Amino acid sequence: MRPLTASHLLALWESGLDQPLLHRALALLAAVYPETSPETLATLPIGQRDARLLNLRAAVFGPRLNSLATCPTCGERLELTFDVDDIRTPELPVSHGEPPPDGIHTLTLDGYTLTYRLPNSLDLAAISHPAPDEDPRQQLFARCLITATHKGKPYPLERLPEKIVQALTTQMAESDPQADVQLALTCPACGNTWQATFDILPFLWAEIHAWAQRLLREIHLLASAYGWSESEILALSPWRRAMYLQMVTQ
Ligand SMILES: [Zn+2]
């Protein structure tokens, strides 16, 4: 993974501002994984993409994550602190064996055999604005299902029994656990326990957004005080920048 300079991250933030969140994720990953083609990054299963975003987060802002949650029972605000490694999941649970090298998974149940691949960023982008009469889950299956047979004969996706569709949904999720990170939370005020979803992509982008705004403010203060250019200020180490800033604002 290639390190990101402050000026590169600032440029990625700026160019991502008018992009959908998915595009921002892929642009960030392309910057730190230049050896991986943009097509490959876009077609990584969501969990694998998110594992790389966690690497990026740890490299840029460190491994410690701070988040907030609200108790659904009493409304208490919880401050959560955890490490990137706490929310990493193994690529595939043991019950599903080794990940298939070609990325093609199989589900066999009640005489039905389905082959499918795991959803990726392009799939999520394609179903992000469904028409009123479209079912996003059905659309996702239509994209990810490769073959469906019943007793050896081709079988239409839209006629699959609900039990098979449910099994497919479950197995897809189990095959890509990093795509759905759940935090087990306990409210200190009322003792309520619940599961909260943690999604690294919006979390990381919100952090980058806050960082960029802070950085621009710092550049403004230092440029005003010393007459340095933006690129000169960005070339300073964060530590030196902080020291000069302290002197300016004291
Ligand atoms: Zn509570």
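What you are looking at is a predicted structure, and each value in this text was computed from that prediction instead of being measured.

J.: Tell me about the overall build of the chain, residues and numbers included.
T.: Scanning the chain for helices and strands turns up 10 helices and eight strands. Its C-alpha atoms give the chain a radius of gyration of 22 Å, clearly above 18 Å, the size a compact globule of 250 residues would have. By principal-axis analysis of the C-alpha atoms, the chain measures approximately 75 × 50 × 40 Å. Within the chain, the proportion of its 250 residues that are buried is 38%. With the model as given, the accessible surface of the chain reaches about 14,100 Å², and the carbon-plus-sulfur share is 55%. Averaged over its 19 positive side-chain charges, the chain has a centre that lies 1 Å from the centre of its 28 negative ones.

J.: So what's going on with the coordination of the zinc ion? Which residues, and what values?
T.: At this site the zinc ion is bound by Cys71 (SG), Cys74 (SG), Cys187 (SG) and Cys190 (SG), with donor distances of 2.3 to 2.4 Å. One chain supplies every donor for the zinc ion, spaced along it as C-x2-C-x112-C-x2-C. Of the two residues, Cys74 sits in the loop between β1 (64-70) and β2 (77-83) while Cys190 sits in the loop between β7 (181-186) and β8 (193-198), which places them 116 residues apart along the sequence.

J.: Mind laying out the pattern of salt bridges, listing which residues take part and the relevant values?
T.: By the definition in use, this model includes nine salt bridges. Taking the shortest distance from any N to any O, the salt bridge between Glu207 and Arg57 comes out at 2.6 Å. Of this pair, Glu207 sits in helix α8 (residues 200-226) while Arg57 sits in helix α4 (residues 46-61), placing them 150 residues apart in sequence. We classify Arg57 as buried; its relative accessible area is 3%. Among the ionic pairs, Asp123 bridges to Arg143, the shortest N-O distance being 2.7 Å. Placement of Asp123 in helix α5 (residues 121-126) and of Arg143 in helix α6 (residues 136-144) is noted, with a sequence separation of 20 residues between them. Several salt bridges converge on common partners, so that one network encompasses Arg117, Asp123 and Arg143.

J.: Tell me about the packing of α4 against α8, and please be specific about residues and values.
T.: Interhelical geometry of α4 versus α8 gives an angle of 25° and a closest axis separation of 10 Å. Relative to α8, the element α4 is oriented roughly parallel. The interaxial crossing formed by α4 with α8 has left-handed handedness. The residues of α8 that touch α4, namely those facing Arg49, Asp50, Leu53, Leu54, Leu56, Arg57 and Phe61, are Ile200, Leu201, Phe203, Leu204, Glu207, Ile208 and Trp211.

The rules behind each value
- Residues numbered from 1 in each chain as written.
- Predicted model: local features only at pLDDT ≥ 70, side-chain atom pairs only at ≥ 80, totals over all residues.
- Heavy atoms only, no water.
- Helix = DSSP H or I, 4+ residues; strand = E, 2+ residues; numbered from the N terminus.
- Rg over C-alpha atoms; globule rule 2.2 N^0.38 Å.
- Buried < 20%, exposed > 50% of the residue type's maximum accessible area, 1.4 Å probe, protein only.
- Areas by Shrake-Rupley, 256 points an atom, 1.4 Å probe, with all protein chains shown as cover.
- Lys, Arg positive; Asp, Glu negative; His and termini not counted.
- Charge placed at Lys NZ, Arg CZ, Asp CG, Glu CD.
- Donors = N, O, S within 2.8 Å, 3.2 Å for Na, K, Ca; no water.
- Salt bridge = Lys/Arg side-chain N within 4 Å of Asp/Glu carboxyl O.
- Axes fitted to C-alpha atoms, helices over the stretch in contact; angles between N-to-C directions.
- Parallel < 35°, antiparallel > 145°, perpendicular 65-115°, else oblique.
- Left-handed = near helix turned anticlockwise from the far one by under 90°.
- Contact = heavy atoms within 4.5 Å.

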